[in-house]
Amino acid sequence: MGIFKAWWHTQSCVGVLFDKDLNSLPRLRIESAGESISVQSRFASPVEFAAYTSYFIKDGAVHFFLSRSNFHNVAKHGRGEFYLCGNFNGWQDAIGKDAWKLKKGSCEFEYELAVPISYFGDLRKKFLFKFANKEGRWFQPRADAPNLEYDADGNANLRFLFSRTHKNFILAQSSKACDLREDSYIVNEDSLTKLRIDEAELLLESNYECKMGVEISGGKTTFNFFAPRADYVELLLRKLPSDNPETFAMQTEDGALWTLSFNENLAGKYYTYKVFGRNLNASTSFDFSREIIDPYAELLTCAGVAKIVDARFAPRAEVPFVPPKWQDLSIMEIHIRDVLKNAPESIAEREKLGFKGISKWLDSDDCYLLKTNVNAVEIQPVQEFDNKSVAEYHWGYMPVNWFAPSSAYASGFMTQAEDFAEMVDAFHKRNLAVILDVVYNHVGEPNHLIAIDKEYYFNTTKDFALTNFSGCGNDFRADAPMSKKLIIESLKHFVSRYNVDGFRFDLAELIGCDTLSEIEVELKKVKPGI
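The model shown is predicted, which means the values in this text are computed figures rather than measured ones.

Focus: the overall build of the chain
Thinking step 1. In terms of helices and strands, the chain carries nine helices and 28 strands.
Thinking step 2. What you see for the chain is a C-alpha radius of gyration of 27 Å, in line with the 24 Å of a compact globule of 530 residues.
Thinking step 3. Seen along its three principal axes, the alpha-carbon backbone of the chain occupies a region of about 85 × 55 × 40 Å.
Thinking step 4. When each of the 530 residues of the chain is scored for burial, the buried share is 55%.
Thinking step 5. Taking the intrachain contacts of the chain between residues at least 6 apart in sequence as the baseline, contacts between residues at least 24 apart amount to 68%.
Thinking step 6. Surface summary for the chain: the accessible area is close to 23,800 Å², and the carbon and sulfur share equals 49%.
Thinking step 7. The positive charge centre, built from 61 side chains, and the negative charge centre, built from 74, are 3 Å apart in the chain.

A short note on the pairing of strand β26 (residues 376-379)
Thinking step 1. The alternating pattern of β26 places Ala-376 and Glu-378 on one face and Val-377 and Ile-379 on the opposite face, and all of these are buried.
Thinking step 2. Where strand β25 (residues 331-334) meets β26, four bridges bridge the pair, whose relative direction is parallel. For Met-332, the partnering residue across the bridge sits in β26 and is Val-377.
Thinking step 3. Sheet topology note: the β26/strand β27 (residues 433-438) ladder contains four bridges and is parallel. In the strand pairing of β27, Ile-379 is matched with Leu-436.

Observations concerning the sheet that holds strand β8 (residues 103-104)
Thinking step 1. The strand order across the open sheet formed by four strands is β5-β6-β9-β8, and the pairing between neighbours is antiparallel. Bordering the open sheet on either side are β5 (55-58) and β8, each of which pairs with just one other strand.
Thinking step 2. Bridging between β5 and strand β6 (residues 61-66) involves four bridges; their strand directions are antiparallel. By the bridge assignment, Tyr-55 is partnered in β6 with Phe-64.
Thinking step 3. Relative to the sheet, helix α1 (residues 46-53) contacts β5 and β6, its axis offset from that of β5 by approximately 145°.

What to know about the environment of Ser-289
Thinking step 1. On the secondary structure map, Ser-289 appears in the loop between β23 (270-276) and β24 (306-307).
Thinking step 2. Residue classification places Ser-289 among the exposed residues on the basis of a relative accessible area of 59%.
Thinking step 3. Between the alpha carbons of Ser-289 and Asn-224 there is a distance of 21 Å; along the sequence they are 65 residues apart.
Thinking step 4. A polar contact is formed between the side chain of Ser-289 and the side chain of Asp-287, at a distance of 2.7 Å.

A few points about the packing of helix α5 (residues 355-362) against helix α6 (residues 416-429)
Thinking step 1. Following both chains from N to C, one finds α5 and α6 inclined at 25°, their axes separated by 8 Å at the closest point. As summarised for this structure, α5 and α6 are arranged roughly parallel, according to the angle between their axes. Where α5 crosses over α6, the two elements pack in a sense that is left-handed. Across from Phe-355, Lys-356, Ile-358, Ser-359 and Leu-362 in α5, the residues of α6 making contact are Gln-416, Asp-419, Phe-420, Glu-422, Met-423, Ala-426 and Phe-427.
Thinking step 2. Taken together, the residues that form the contact of α5 with α6 break down as seven nonpolar, two polar and three charged.

Quick word on the nonpolar core
Thinking step 1. Counting residues in each nonpolar core, the largest one holds 114 residues, and the members touching the most others are Phe-223, Tyr-271, Ile-379, Phe-420, Phe-427, Leu-436 and Phe-503.
Thinking step 2. By residue number, the principal contributor to this core is helix α8 (residues 481-498), which donates eight residues.
Thinking step 3. Once you skip the residues sitting within four places of it in the chain, Phe-420 turns out to touch Phe-355, Val-382, Pro-405, Leu-436, Phe-494, Tyr-498 and Val-500.
Thinking step 4. If you look at the next biggest cluster of nonpolar residues, it comprises 42 residues, including Cys-13, Phe-71, Phe-82 and Ala-94.

Quick look at the packing of aromatic side chains
Thinking step 1. By the definition in use, this model includes 54 aromatic pairs.
Thinking step 2. Both rings, one in Phe-56 and one in Phe-65, keep their centres 5.3 Å apart while their planes meet at 35°; by these two values the pair is tilted. The burial state of Phe-56 is the same as that of Phe-65; both residues are buried.
Thinking step 3. Ring plane angle 40° and centroid distance 5.5 Å describe the contact between Phe-494 and Tyr-498, whose orientation is recorded as tilted. Of this pair, Phe-494 and Tyr-498 are both found in helix α8, four residues apart, which corresponds to roughly one turn of the helix.
Thinking step 4. Residue Phe-494 is classed as buried on the basis of its relative accessible area, which comes to 0%.

Remarks on α5
Thinking step 1. Most of α5 is tucked away, with seven of its eight residues classed as buried.
Thinking step 2. Within α5, burial applies to Phe-355, Lys-356, Gly-357, Ile-358, Ser-359, Trp-361 and Leu-362.
Thinking step 3. Residues of α5 that are buried make contact with α4 (336-339) and α6.

With respect to the pattern of salt bridges
Thinking step 1. For the coordinates displayed, the defined rule picks out 34 salt bridges.
Thinking step 2. Residue Arg-504 pairs with Asp-506 through a salt bridge whose shortest N-O separation is 3.5 Å.
Thinking step 3. We classify Arg-504 as partly exposed; its relative accessible area is 33%.
Thinking step 4. For Asp-506, a relative accessible area of 12% puts it in the buried group.
Thinking step 5. Ionic contacts of the salt-bridge type, sharing partners, join the residues Asp-183, Arg-196, Glu-199, Arg-229, Asp-453 and Glu-455 into one network.

Focus: the side chain of Ser-359
Thinking step 1. Tracing the backbone through its elements, the reader meets Ser-359 in helix α5.
Thinking step 2. A polar contact of 3.3 Å, which involves the side chain of Ser-359, links it to the backbone nitrogen of Met-423.
Thinking step 3. In this view, Ser-359 contacts Asp-419, Glu-422, Met-423 and Ala-426; residues no more than four positions away in its chain are not counted.

Comments concerning unusual backbone geometry
Thinking step 1. The amide bond that connects Glu-445 to the next residue, Pro-446, takes the cis arrangement and shows omega of 0°.
Thinking step 2. Tracing the sequence through the fold places Pro-446 in the loop between β27 and α7 (450-457).
Thinking step 3. The residue Ser-54 is not glycine, and still its phi comes out positive at about 70°.
Thinking step 4. Positionally, Ser-54 belongs in the loop between α1 and β5.
Thinking step 5. Assessed through its relative accessible area of 2%, Ser-54 is described here as buried.
Thinking step 6. For Asp-59, which is not glycine, the phi torsion reads 55° and is therefore positive.
Thinking step 7. Within the fold, Asp-59 resides in the loop between β5 and β6.
Thinking step 8. For Asp-59, a relative accessible area of 72% corresponds to the exposed category.

Reading the values: the criteria
- Residues numbered from 1 in each chain as written.
- Predicted model: local features only at pLDDT ≥ 70, side-chain atom pairs only at ≥ 80, totals over all residues.
- Heavy atoms only, no water.
- Helix = DSSP H or I, 4+ residues; strand = E, 2+ residues; numbered from the N terminus.
- Rg over C-alpha atoms; globule rule 2.2 N^0.38 Å.
- Buried < 20%, exposed > 50% of the residue type's maximum accessible area, 1.4 Å probe, protein only.
- Contact = heavy atoms within 4.5 Å.
- Areas by Shrake-Rupley, 256 points an atom, 1.4 Å probe, with all protein chains shown as cover.
- Lys, Arg positive; Asp, Glu negative; His and termini not counted.
- Charge placed at Lys NZ, Arg CZ, Asp CG, Glu CD.
- Pairing = 2+ DSSP bridges.
- Axes fitted to C-alpha atoms, helices over the stretch in contact; angles between N-to-C directions.
- Polar contact = N/O pair within 3.5 Å; in protein donor to acceptor, adjacent residues only side chain to side chain.
- Parallel < 35°, antiparallel > 145°, perpendicular 65-115°, else oblique.
- Left-handed = near helix turned anticlockwise from the far one by under 90°.
- Nonpolar A, V, L, I, M, F, W, Y, C, P; charged D, E, K, R; others polar.
- Core = buried A, V, L, I, M, F, W, Y, C linked by side-chain atoms within 4.5 Å.
- Phe/Tyr/Trp six-rings, centres within 6.5 Å; stacked < 30°, edge-to-face > 60°.
- Salt bridge = Lys/Arg side-chain N within 4 Å of Asp/Glu carboxyl O.

None of the figures reported here should be taken as evidence of function without further support.
Shown next, in the form of structure tokens:
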């Protein structure tokens, strides 16, 4: 009997799935970095098996389970009645029938249904299933479910086999904690076979509550940087963006959070990082030659060098403003440069390229925005994007950083934060709410996050190729804890510092309903009327 999947279930426990049920425990061990590591094995419980497969078979029945953790769009559509659907009951024909209606769960899952084995007839057939609500909305299974299968039309379904009841799932407790920087293998001594242990589940649990980026407090400057599989991280400091950098080794206690502190206020200096690691497989894309932008950088040059900002003295939007209720909004979508194309000649040509021109134009009685009776503007993306020069016209939908207002729209060198704050104030003085068009489903080029940790920050196939549902070359893994933190903290930054009134999310379905719900909750804590 062969192993068809193995993964780190916890820091020191490997989940091992065999292709069929076992009568006895196999002899297993782990190989990692040339070392043989002993394990203590046990059969997983039916509930532990169902946590990954959404079913188990026991006591003459197939038990099916619907849980929020296994079906990502339950949060949005998970109200009312739910039904088990499959190729054994006519798929959508089962919706609305009491026999296939799920009941409140009696164990760790929200909803469940037990179906007698006798119902299925020939147990050698291929059985597929998934769940739907009463309105016919299908719940999509998690992409890493071990029993996931796609049909000819690309629909994701789950498969159950009567040869995999739950007795094919082994939990192997390791005598040594795993190192995510190393490739590890589970070895079956009985069949003399081995399989690489997937690290994704454990990797994607990495999470830190501390403030990331740069923090200046009490005359001390602290850098915090998340790189969960790096071997070494360097901080590069400069007085000016074009200077040769001083390099400093970052420190880490757990191999994931890298930190460094200086007993001085470094505001005004410039910095980047270098991330060193071993590309043991395609799940990482470490590039030792590249300088990496801090994902939490608040101010950037067009060339991608971050400036250290002391939050106490950073420009802020100051005009008090209460945005209209969402049901009362009348919105005009604008692009910074398009809307200024025919602005008055009194506005300088450089100012017509950015935020400063908008501020001056709003002071003019000839500003046609003020004659449209709208009460809000939705501004196409203004977070730092991948333009090659200030002069280049860009829609802004290829972001390279989510904290920094775009350097392309600055009226002078590194004035973009001041100019952006002034522009938001100018809109508010004219009783216009400011909504930003934001892009969190993918990133532009150069892709800095991929050089920090490809698999953590981006959705990939089983072979670690980037998925491309965005159509832009990559899909940001928005549901990973530190990815979600990056999104939420950057949005809160634009609300708390620049008094932005709302956001429109590009390709929001790729971000996910659960993440969007968390975003809404967190932003309303900062600005209830957002």
